[in-house]
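Below, each chain spelled out in residue letters.
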Amino acid sequence: MLPAASRSREEWLASCANDLAGTPLPGARDLVSSSWWRARSSGLDPDRVLPPVLLGGPDLLERRAGHPLAGVLPTARRLLLDEPLGVPLLMAVSDVDGTLLWVEGDAGLRRAAERMAFTPGARWSEDVAGLNAPGTALALGRPVRVRAGEHYATAVAGWSCSAAPVRDPGTGRVLGVLDLTGGDDLGRARALDLVRAAAGALEGELRVAALRRGLRGAGAPAGAVPPLVRLSVLGGPARLGVGEEVGPLSLRHAEVLLTLLTGPGGGRSAAQLAADLDDRDLAPVSVRAEVHRLRAVLARRTGGLVQLSAAPYRLLGPVRCDALAVRDAVRAGRPREAVRAWTGDLLPASDAPRVRELREELRAGLRAAVLEGDDDQALLEFSRTGAGRDDPLVARDLVRRLAPGDPGRAEALAQLQRVCNG
């Protein structure tokens, strides 16, 4: 806690006005002083800080539904809210960008917190709000406590908070932050210990959930290969499932999955997906609704092995797709393998712009691979597919490349005659 906080703040701001860069904040911890300098250097005015509310309504609900901490939220409530701590408090959970997804707890505190935009959908990262426990815990990647006047924003100077990052137990990646906010008690070391322990409990539950997914299908021998999620999109209606247990998938859901599988690693927004799926101004709200339904399908068909993140949408978990197997074989210079994996055009019933593009690329790439390669058997097998059967260049090349007396050459001659006469 800063001694004579308001006076210290004024003295420090005066030193900033004199360009005394790096001047320690009077009476402050190093963590506080360095954070204040970061905020001041970026031009944040402590008297004007008001975190932006970026999400609300359906967008907020969608972000919550797809967030990896949604499934462990009951544990956080049980540890921090259901057991009375003797003081009014708020529990907040943010995503990795510092956007608050949940703010729950004492009703009076919630109303007061709303006046400073400490509310679901608001972004409290350190770069927009200055020193605060959830934002600074994200910035530093470790648990942080901030007491009253230590906050950079003047409007927050009457509050205290303690926060800890929650990490993916498999990758170590920060998923979000768990925070306790309220009066002076929430800025003490014991509150920080509590929120750190709760974050550890959430990570433990995430680890158990991951192990359950990995061991689904109990009784598998040690070292057994985990079941693969398969998506079939070539030659007819799409199918999705685990291992050999695949079932029908709607055309729209197949289009979404294929678009995400072949899109950039950073994912796609609802508006970008709308453009990928329809060139007639498909509304992003329709995409969000379809994604919500697809999440339920993935949970039912894959048992949680594959999930959909919140916007930007990304697939979480490996998927083996027959179309991508063809593409990868072409790129690796294995045309015969590519031909044998190609069982027909990609989602032939689809008119989605992204699917049309992928369909043409796949067919053209496969044709180029067999015509430009030196695998005569691959070319012969391609000539028997729907993509090569009526292609005069394929027939001519086969006649040229196969030796007289080769049964395949006679087949190619007949095909060439049919195509030319037709």
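Residues numbered from 1 in each chain as written. Predicted model: local features only at pLDDT ≥ 70, side-chain atom pairs only at ≥ 80, totals over all residues. Heavy atoms only, no water.

- Going by the annotation in an unreviewed UniProt entry, the name recorded for the protein is GAF domain-containing protein, with Kineococcus radiotolerans given as the source organism.

## A short note on the overall build of the protein
(1) Moving on: For the protein, the helix and strand inventory stands at 17 helices and 11 strands.
(2) Moving on: For the protein, the proportion of its 422 residues judged to be buried stands at 46%.
(3) Moving on: For the protein, the exposed area adds up to about 20000 Å²; of that, 53% sits on carbon and sulfur atoms. (Helix = DSSP H or I, 4+ residues; strand = E, 2+ residues; numbered from the N terminus. Buried < 20%, exposed > 50% of the residue type's maximum accessible area, 1.4 Å probe, protein only. Areas by Shrake-Rupley, 256 points an atom, 1.4 Å probe, with all protein chains shown as cover.)

## Quick word on the pairing of strand β7 (residues 239-242)
(1) Moving on: Across four bridges, the pairing between strand β6 (residues 229-232) and β7 is antiparallel. Note that in β7 the partner of R230 across the bridge is G241. (Pairing = 2+ DSSP bridges.)

## With respect to unusual backbone geometry
(1) Moving on: The backbone of A117 shows a phi angle near 65°, a positive value even though the residue is not glycine.
(2) Moving on: Tracing the sequence through the fold places A117 in the loop between α5 (107-114) and α6 (126-129).
(3) Moving on: Accessibility expressed as a relative area gives 7% for A117, which makes it buried.
(4) Moving on: Phi is positive for L347, close to 35°, though the residue is something other than glycine.
(5) Moving on: Checked against the element boundaries, L347 lands in the loop between α13 (335-341) and α14 (353-372).
(6) Moving on: Here L347 falls in the buried class, since its relative accessible area comes to 2%.

## Focus on helix α7 (residues 133-140)
(1) Moving on: Most of α7 is tucked away, with six of its eight residues classed as buried.
(2) Moving on: Every buried residue of α7 is accounted for by A133, P134, G135, T136, A137 and L138.
(3) Moving on: The N-capping residue of α7, defined by a side-chain oxygen 2.9 Å from the backbone nitrogen of G135, is N132. (Polar contact = N/O pair within 3.5 Å; in protein donor to acceptor, adjacent residues only side chain to side chain.)

## Some points on the environment of H67
(1) Moving on: Within the secondary structure layout, H67 lies in the loop between α3 (57-66) and α4 (73-82).
(2) Moving on: Each C-alpha atom of the pair H67 and S94 lies 9.9 Å from the other, and the pair is 27 residues apart in sequence.
(3) Moving on: In this structure H67 touches S94, D95, L101, W102 and L175, once residues within four positions along its chain are discounted.
(4) Moving on: There is a polar contact of 3.1 Å between the side chain of H67 and the backbone oxygen of L175. (Contact = heavy atoms within 4.5 Å.)

## Here we look at the sheet that holds strand β2 (residues 100-105)
(1) Moving on: Read across the sheet, five strands follow the order β2-β1-β5-β4-β3 without closing on themselves; strand pairing throughout is antiparallel. Both outer strands of the open sheet, β2 and β3 (144-146), are each paired with one neighbouring strand and no more. Neighbour to neighbour, the strand axes of the sheet diverge by 15° on average, direction disregarded.
(2) Moving on: With three bridges joining them, β3 and strand β4 (residues 160-167) adopt antiparallel strand pairing. Across the sheet, residue V146 finds its bridge partner in β4, namely C161.
(3) Moving on: Along the sheet, α3 contacts β1 (89-95) and β2; its crossing angle with β2, the most-contacted strand, is approximately 90°. (Axes fitted to C-alpha atoms, helices over the stretch in contact; angles between N-to-C directions.)

## Some words on the pattern of salt bridges
(1) Moving on: In this structure the tally under the stated criterion is 21 salt bridges.
(2) Moving on: With its nearest N and O atoms 3.0 Å apart, the salt bridge here joins R268 to D276.
(3) Moving on: Taking relative accessible area as the criterion, D276 reaches 12% and is therefore assigned buried.
(4) Moving on: Among the salt bridges present, the one from R280 reaches D278, with a minimum N-O distance of 3.1 Å.
(5) Moving on: For R280, a relative accessible area of 64% puts it in the exposed group.
(6) Moving on: A single network of salt bridges, built from pairs that share partners, joins D376, D397, R400 and R401. (Salt bridge = Lys/Arg side-chain N within 4 Å of Asp/Glu carboxyl O.)

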